[in-house]
Amino acid sequence: MKKRQHLGVLRLGFVECQIIIWLSVWLAFPQQAAGLRPIREKARTWSDEWLFGRKQVPEGGRFSAWNITGTYRGNWKFLDSLNSSSKFQDFQKSNGNSVVELVAVPTKITGVHYVQGVVVFHDVFDNDQNLGGAQISLEGVYIWPFRQLRLVANSGKESDSGQDENNLLSNPYHLLGIFSSQVFQESARDRILQRKISARNEMDKHCNIEIAAQISRVASSENNGDKNYYHMEGLMESPGVGDDGDCFSPLFLNATSLNVEVYYNKAVNYTLMVTFVSFLQVLLLIRQMEHGNTQSGAAKVSIVMIGHQAIMDAYLCLLHLTAGILVESLFNAFATAAFFKFVVFSIFEMRYLLAIWKATRPSNSGEGWETMRRELSFLYSRFYGILLGGILIMYELHNYMRPILLLMYSFWIPQIVTNVIRDSRKPLHPYYIVGMSITRLAIPLYVFGCPHNFMRVVPSKAWCVCLCTFVGLQAVVLLLQHYFGSRCFVPRQMLPEKYNYHRRFSPDVSRNTDCVICMTAINLRQRTSDFMVTPCEHLFHTGCLQRWMDIKMECPTCRRSLPPA
């Protein structure tokens, strides 16, 4: 009997000790949070930490330790209608969006996880500069038996939180968002102002941040491509340092966790799409090069049109390579897409560009290697000069990115104009026209048309319809030129002068009337459509000279250049 009583007293004492430990952690947290240490050292990269956290503790059971590591997206709002504090008068908006990044690891104290995090507030300020938000680094504890989260940010003291902050924000969700904002959304002027005017620096000097939140489990949903796990609701307060008063009024913060792996998979699927599109473009280029494999066929193709497309592919190669360098965990995927774009523009399109250039300058091919090397140097320097100049122009005109993209997608217009001026017959294969138009629309339609793209760019259906209509009209005009003639839609009054190969010719006894192509005599008494007269006054059968001009635009007799028929 005494033994049972003794065991009961011990059991009761053990429960009381557990309660005392939890209460002491709860009360002493604001002073002792920095003293807590995780069981294992912090991982080098975000992906290692995230994977470690996901595999740390099983999540089954009512009282199991929930691992709250991850990215949370939600909103914030002031409990009052507006910010009543006069310290930060720019803090005038009453609500906005927020993103919270947390990394939680177990400690030696049972039931307590050490938490580091970063909270990013969007739509904070209401000023002339229209700067987006503020970013605050946090640390604290998560007491999982009570589902309580306590975070503080005593920014007035010296801390080495910059490196921790970079590690916390190194996941694909944040990095891909930064990349898309730098390329598609944020202007260069905003970036300069953001460096000069930073409310976070002011908060670091005068504010302590305290967050008390409750964590709850929510049902998973994949309606929007994001898989929900946990929900955070809490109060954020900012007592000033000393007697300065509150930095801003208390605000309510709620956020729901995201499955960052969804964004990782979206990015990988996007790079697979880009790789497949690049492979199709290689096949289309090979088909087109076979279609115009003669000197005459290559001369009909606009060198500006091919150069325009090569510059577009070079830009896409640089963009994907930059994204791979920025998002380390996705480097292999983006590097693969960049490599295929590099193959398209540096091997196939530049080779075709060189073939067109040689076909349009047949007289330079026999002037020696020095002349050809000088011409090639001029061609490549002009190409890469335009490439670099375009990058500088797009950087300066960052606010007009979408009009610039529309201008870049006018790559068929040089070929349309060339067809009208030269009256070229079927310079491009129909498969090349249709295939290139569709494949080049794939990337902009994904970025600006997909509602759940991994870059989180706000979709614009009107702009996508405008882009498709613009490119489609160019392709339709080229197909009409292919099947009905290059000048079928141009009024006769606007047509440029064209040399008439079937002009009347007065017979001359001393002139050779034999066709040097088929070596047979030409009957000058027949209709003028049966023979053709070149500008250099040489006679040929119509069929013979047309077949010759499909191969070379030179006179078979004297090797002078011939105008298009």
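Because the structure is predicted, anything quoted here is derived from the model rather than measured. (Residues numbered from 1 in each chain as written. Predicted model: local features only at pLDDT ≥ 70, side-chain atom pairs only at ≥ 80, totals over all residues. Heavy atoms only, no water.)

(A) Seen up close, the pattern of salt bridges. Evaluation of the coordinates by the stated rule reveals three salt bridges. With its nearest N and O atoms 3.2 Å apart, the salt bridge here joins Lys341 to Asp313. One end of the pair, Lys341, is in helix α10 (residues 331–360); the other, Asp313, is in helix α9 (residues 303–326), with 28 residues separating them in the sequence. Residue Lys341 shares its accessibility class with Asp313, and that shared class is buried. What emerges from the salt-bridge pattern is a single network uniting Asp313, Lys341, Glu349 and Arg440. (Salt bridge = Lys/Arg side-chain N within 4 Å of Asp/Glu carboxyl O. Helix = DSSP H or I, 4+ residues; strand = E, 2+ residues; numbered from the N terminus. Buried < 20%, exposed > 50% of the residue type's maximum accessible area, 1.4 Å probe, protein only.)

(B) Spotlight on the pairing of strand β1 (residues 70–78). In this sheet, strand β2 (residues 95–106) lies alongside β1 in antiparallel orientation, the contact comprising eight bridges. If you follow Thr71 over to β2, its bridge partner there is Glu101. As judged from the eight bridges shared by β1 and strand β8 (residues 251–258), these two strands associate in the antiparallel manner. Within β8, the position partnered with Phe78 by the bridge is Leu251. (Pairing = 2+ DSSP bridges.)

(C) Inspection of the packing of aromatic side chains at higher detail. Scanning the entire structure with this criterion turns up twelve aromatic pairs. Both rings, one in Tyr270 and one in Phe454, keep their centres 5.1 Å apart while their planes meet at 50 degrees; by these two values the pair is tilted. Linking Tyr270 in helix α7 (residues 260–291) with Phe454 in the loop between α14 (430–449) and α15 (461–484), this pair joins segments that are 184 residues apart in sequence. Overall, Phe454 belongs to the buried group, its relative accessible area being 1%. (Phe/Tyr/Trp six-rings, centres within 6.5 Å; stacked < 30°, edge-to-face > 60°.)

(D) Region of interest: the nonpolar core. Judged by nonpolar contacts, the single largest core of 60 residues is most densely connected at Ile306, Trp412, Leu428 and Tyr432. Per-element accounting of this core gives the leading share, eleven residues, to α10. Counting residues in each nonpolar core, the second largest holds 31 residues, with Val100, Tyr142, Ile215 and Tyr230 among its members. (Core = buried A, V, L, I, M, F, W, Y, C linked by side-chain atoms within 4.5 Å.)

(E) Seen up close, the state of the cysteines. One pass over the full model with this rule turns up zero disulfides. No disulfide involves Cys468; its nearest neighbouring cysteine sulfur is the one of Cys464, lying 6.6 Å away. Left without a disulfide partner, Cys515 is nearest to the cysteine sulfur of Cys518, which lies 3.7 Å away. Classification of Cys515 as buried rests on a relative accessible area of 0%. (Disulfide = S-S within 2.5 Å.)

(F) Summary view of the side chain of Ser278. Relative to the elements of secondary structure, Ser278 occurs in helix α7. Ser278 sits in the buried class, given a relative accessible area of 0%. Ignoring anything within four residues of it in the chain, the contact list for Ser278 reads Phe340, Lys341 and Val344. (Contact = heavy atoms within 4.5 Å.)

(G) Just the environment of Lys552, in detail. Looking at the element boundaries, Lys552 is found in the segment after α16 (542–549). Of the residues examined, Lys552 reaches a relative accessible area of 32% and is grouped as partly exposed. With 255 residues separating them in the primary sequence, Lys552 and Gly297 have C-alpha atoms 8.4 Å apart. Those residues in contact with Lys552 that sit more than four places away from it in its chain are Gln295 and Ser296.

(H) Representation of unusual backbone geometry in the model. In this model, Arg147 sits at a positive phi of 55 degrees, which is unusual for a non-glycine residue. Under the relative-accessibility criterion, Arg147 is labelled buried at 9%. A positive phi angle, close to 60 degrees, is found at Met519, a residue other than glycine. Counting through the fold element by element, Met519 comes out in the loop between β9 (514–515) and β10 (520–521). Among the residues examined, Met519 registers a relative accessible area of 65% and is labelled exposed.

(I) Just the pairing of β8, in detail. The element β8 is largely enclosed, with a buried count of seven among its eight residues. As judged from the six bridges shared by strand β7 (residues 230–237) and β8, these two strands associate in the antiparallel manner. By the bridge assignment, Met236 is partnered in β8 with Leu251.

(J) A look at the side chain of Glu349. Along the chain, Glu349 turns up in helix α10. Apart from the residues within four sequence positions on either side, Glu349 is in contact with Leu285, Ile306, Gln309, Ala310, Asp313, Val344 and Arg440.

Shape is all these values report; function is a separate question.
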